[in-house]
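Listed below, chain by chain, are the residues.
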Amino acid sequence: MSASIHGLPSRFGDHDAGELRDFCGHCGQAPDPSSAPVGATRVCQHCDLGLVLQASEAVAPSPEDPFLVVDNRMAICALSSAAEKLLGVDETAAVNRHLGEFLMPADANANGSGSLIELVLGAAAGDGGVERVRVRPLGVFGVRFSARIGRCGPTPSAIVVLER
Amino acid sequence: MRTLKTREAAAMLSVSPNTLRAWERRFNYPRPQRTPGQHRVYVHAEVAALRDALQAGLSISSAVSRAREALSGDTSVLVGALSSYELDRADAAMEAAIALRSVERGVEEVLLPSLEEIAARWGTDSASWALSARWADGWLRWAHKLAPAPTRPMTIVIGDATADPLEPEAIAVRAFELFCVRSGARVLTLPVRRLVDVGEVVTAFGPQAIVLAGEGVGDTEVARWAYQVRLAVGPMPVMLYRRATDGDGVRSTSALPDAPYDAHRQALSAAEPAPERRTAAGGRFTRETARSLA
Ligand SMILES: [Zn+2]
């Protein structure tokens, strides 16, 4: 079960990809263990602009990582500040839009155009483990990232961390 | 309508007042109103909707989006009532809307968007639109009558240049007028086509600012009216509301924003009785202005 610092209720059960880690959906930082526990609203005490989320150690981002959080309709729910810079869009303009408006598989032949979607939907539905796929920003050629994809919570969702 | 002080709203969301201000800048939500003393007050329903949305939220942006959705239910109810010509139900929808918000927010977030929706569905030349616009005009006038007596030493003259009380611009002008009155200003609205003795009437009210509103009447007539007013009461800020600028330097610097709430704040600020006040919204009304309008 959850070994998260602030003991957020783990609503997505046991994880087969290691212990759960808390991080901010905006700045990516872990909650400060010495500070008071985050309130019911889980607002990050470092940046005030993100909510504390959970993912397994294997997929959870580092503070500098660009990442997106996507729900089971493929709609963007959160965009880290690094991803805002990388994709050139503010989180406020990106939420509720389809992941496909921002990222697409980089190797359509190798992975099949559906694989990014399948992996994200699988993770949002609760599939354990961490998957990897090559992606590129929509409309940008010559820029590719390896994306690691896994479950995210506390509300069931998928995190897509872009590795540069 | 229940409101919360900054400290109370922050406590309800388990954040600090600074965080609340940071959210206002980034998300424009929750959007506080200002008391006459310029203190922020938050609408309880907005803060409560955000608190609920944050519980299961994955980001503050998505929670804000959900909270807005939860509050926008009133718009679909009002559109439904107007679309089925049930005006009592439309009254009830507005009553419910302002139970959760201020009158200003109810008008901007429910009444005006609902009318936009009606206009988009049937066109403003339809009888459905006319029925809805007449209802909205009546509702705004009713709210105007219920507004408290003026509390500010300030009168704004609105030169009503709309052609038809049922045109969309006219509804926005009524909303602007209502917001000014509810902010404690005295408002005198006169149709720009009534020129005879306009100077006498305006002088009796001693206004601090003029707003030329709507574009249903041409520049020449508006300029004549404005000139008569200027002759009677002397130089003062002149602003345009829902009236297209024509590239003229004076006119382009004095346009108020389209949203009636923002427009009324700018107009009040320009009309504050400070002798040399000059704001982005209000150019100084001089003989040159009158000439440029003529
Ligand atoms: Zn943060």
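In this text, all values refer to a predicted model and were calculated from it rather than measured experimentally.

S.K.: Describe the overall build of chain B, and please don't skip the residues or the numbers.
M.R.: Summing up its helical and strand segments, chain B has 14 helices and 8 strands in all. Considering chain B as a whole, with its 294 residues, one finds that 52% of them fall into the buried category. Taking contacts inside chain B between residues at least 6 apart in sequence as the whole, the part at least 24 apart equals 71%.

S.K.: Go over the pattern of salt bridges with me, naming the residues and quoting the values.
M.R.: Applying the stated criterion across every chain, the model contains 23 salt bridges over all chains. Residues joined in a network through salt bridges with shared partners are A:Asp65, A:Arg132, A:Arg148 and A:Glu163.

S.K.: Describe the packing of aromatic side chains, and please don't skip the residues or the numbers.
M.R.: All names here are of chain B. As enumerated under the stated definition, the model contains 4 aromatic pairs over all chains in all. Ring geometry for Phe-179 versus Tyr-261: centroids 6.3 Å apart, planes at 65°, classification edge-to-face. Remark: Tyr-261 occurs in helix H13 (residues 260-271) and Phe-179 occurs in helix H9 (residues 168-182); sequence separation between them is 82 residues. A residue is classified by how much of its surface remains accessible, and Phe-179, at 0% relative accessible area, is buried.

S.K.: Could you give an account of the sheet that holds strand S1 (residues 3-5) of chain B, with specific residues and numbers?
M.R.: Residue and element names in this part refer to chain B. The sheet built from 3 strands is open, its strands ordered S1-S3-S2 with antiparallel pairing. Strands at the two margins of the open sheet, each flanked by one partner only, are S1 and strand S2 (33-34). One ladder, built from 2 bridges, connects S2 with strand S3 (residues 40-43); its direction is antiparallel. Bridge assignment links Arg-34 to a residue of S3, and that residue is Arg-40. Helix-sheet contacts for helix H3 (residues 44-55) involve S1 and S3, and the interaxial angle to S3 is about 65°.

S.K.: I'd love a proper account of the nonpolar core, names of residues and values included.
M.R.: Residue and element names in this part refer to chain B. Leu-78, Met-94, Val-107, Leu-111, Trp-135, Trp-139 and Ile-171 are the most contacted members of the largest nonpolar core, which has 29 residues in total. At the level of elements, helix H5 (73-83), helix H6 (87-100), helix H7 (103-122), helix H8 (127-146) and H9 are the ones that each hand at least two residues to this core. In terms of residue count, H7 provides more of this core than any other element does, 8 residues in total. Taken together, domain 1 (3-143) and domain 2 (150-274) each give at least three residues to this core, which thus spans both.

S.K.: Can you explain the confidence of the model for chain A? Please cite residues and give values.
M.R.: The predicted coordinates should not be examined in detail at positions where pLDDT is low. Averaged over every residue, the pLDDT of chain A is 85; residues scoring 70 or more account for 82%. Ranking the helices and strands of chain A by mean pLDDT puts strand S3 (residues 67-70) of chain A first, with 98, and helix H3 (residues 108-111) of chain A last, with 56.

S.K.: With reference to specific residues and values, describe the interface of chain A and chain B.
M.R.: How big an interface is tends to be stated in terms of accessible area lost as the parts join. Facing the 23 residues of chain A at the interface are 18 residues of chain B. Summing both sides of the interface, chain A and chain B together bury roughly 1700 Å²; the carbon and sulfur share of this comes to 59%. A per-residue breakdown of the area chain A buries against chain B is headed by A:Thr41, A:Leu49 and A:Leu51, which together make up 29% of the total. For the interface between chain A and chain B, the tally reads 2 salt bridges. Between B:Arg26 and A:Glu91 there is a salt bridge; the shortest N-O distance is 3.8 Å. Sorting the residues of the side of chain A that touches chain B by element identifies strand S4 (76-79) and helix H2 (91-94) of chain A as the ones contributing at least two each. Here the residues of the side of chain A that touches chain B sort into 9 nonpolar, 9 polar and 5 charged.

S.K.: Hey, could you go over the packing of H7(B) against H9(B) for me, with residue numbers and the actual values?
M.R.: Between two packed helices, what matters for the description is the angle formed by their axes and the separation of those axes. Residue and element names in this part refer to chain B. Packing of H7 against H9 leaves a shortest axis separation of 11 Å and a crossing angle of 175°. By the angle between their directions, the pair H7 and H9 is classed as roughly antiparallel. Judged by residue contacts, Val-103, Glu-104, Val-107, Glu-108, Leu-111, Leu-112 and Leu-115 of H7 engage Ile-171, Ala-175, Leu-178, Phe-179 and Arg-182 from H9. Considered class by class, the residues forming the contact of H7 with H9 number 9 nonpolar, no polar and 3 charged.

S.K.: Give a description of H5(B) that names residues and reports values.
M.R.: All names here are of chain B. Taken together, the buried positions of H5 are Asp-74, Thr-75, Leu-78, Val-79, Ala-81, Leu-82 and Ser-83. On the buried face of H5, the contacting elements are helix H4 (60-71), H6, H7 and H8. Just past H5, the residue Tyr-85 takes up positive phi, approximately 60°.

S.K.: Quick one: what's the story with unusual backbone geometry, residue by residue and with numbers?
M.R.: For the peptide bond that leads from A:Gly153 to A:Pro154, omega is 15°, which places it in the cis range. For A:Pro154, the location among the structural elements is in the loop between strand S7 (145-152) and strand S8 (157-163). Each neighbour pair has its own omega, and for B:Tyr29 with B:Pro30 the value is -10°, a cis peptide bond. By secondary structure assignment, the location of B:Pro30 is in the loop between helix H2 (17-27) and S2. In this structure, B:Arg242 is a non-glycine residue whose phi angle is positive, near 55°. Along the chain, the position of B:Arg242 falls in the loop between strand S7 (236-241) and helix H12 (249-252).

What counts and how
Counting restarts for each chain: residues are numbered from 1 in the order of the written sequence. The lettering of chains begins at A and the numbering of ligands begins at 1, in the order of writing. Whole-chain, interface and lining totals are the exception, using all residues; otherwise, since this is a predicted model, local features are given only for residues with pLDDT of at least 70 and side-chain atom pairs are given and counted only at 80 or more. To get the side-chain values, take all heavy atoms of the structure and skip hydrogens and water. The secondary structure listing takes helices from DSSP runs of H or I that are at least 4 residues long and strands from runs of E that are at least 2 residues long, numbered from the N terminus. A simple rule labels every residue: compare its accessible area, found with a 1.4 Å probe on the protein chains alone, to the largest value its type can have, and call it buried under 20%, exposed over 50%, or partly exposed in between. The contact criterion used is simple: two residues touch if any of their non-hydrogen atoms lie within 4.5 Å. Here, a salt bridge means any Lys or Arg side-chain nitrogen found within 4 Å of an Asp or Glu carboxyl oxygen. Only the six-membered ring of Trp is used, alongside the rings of Phe and Tyr, when aromatic pairs are assigned; centres must lie within 6.5 Å, and planes under 30 degrees apart are stacked while those over 60 apart are edge-to-face, with the rest tilted. Here, strands pair whenever DSSP counts at least two bridges between them. Note on method: axes are straight lines fitted to C-alpha atoms, helices fitted across the in-contact stretch only, with angles between N-to-C directions ranging 0 to 180 degrees. For our purposes a nonpolar core is just a set of buried Ala, Val, Leu, Ile, Met, Phe, Trp, Tyr and Cys residues, chained together by side-chain atoms within 4.5 Å. For each domain, the first and last residues come from an automatic or database assignment. The pLDDT value expresses, per residue, how confident the predictor is, ranging between 0 and 100. Note on terms: buried area is the combined drop in 1.4 Å-probe accessible area of two parts once they are placed together, counting the loss on both. Throughout this entry, Asp, Glu, Lys and Arg are counted as charged residues, while Ala, Val, Leu, Ile, Met, Phe, Trp, Tyr, Cys and Pro are counted as nonpolar. The remaining residues, Gly among them, count as polar. Angle categories are assigned with fixed cut-offs, so that under 35 degrees is roughly parallel, over 145 is roughly antiparallel, 65 to 115 is roughly perpendicular, and the rest are oblique.

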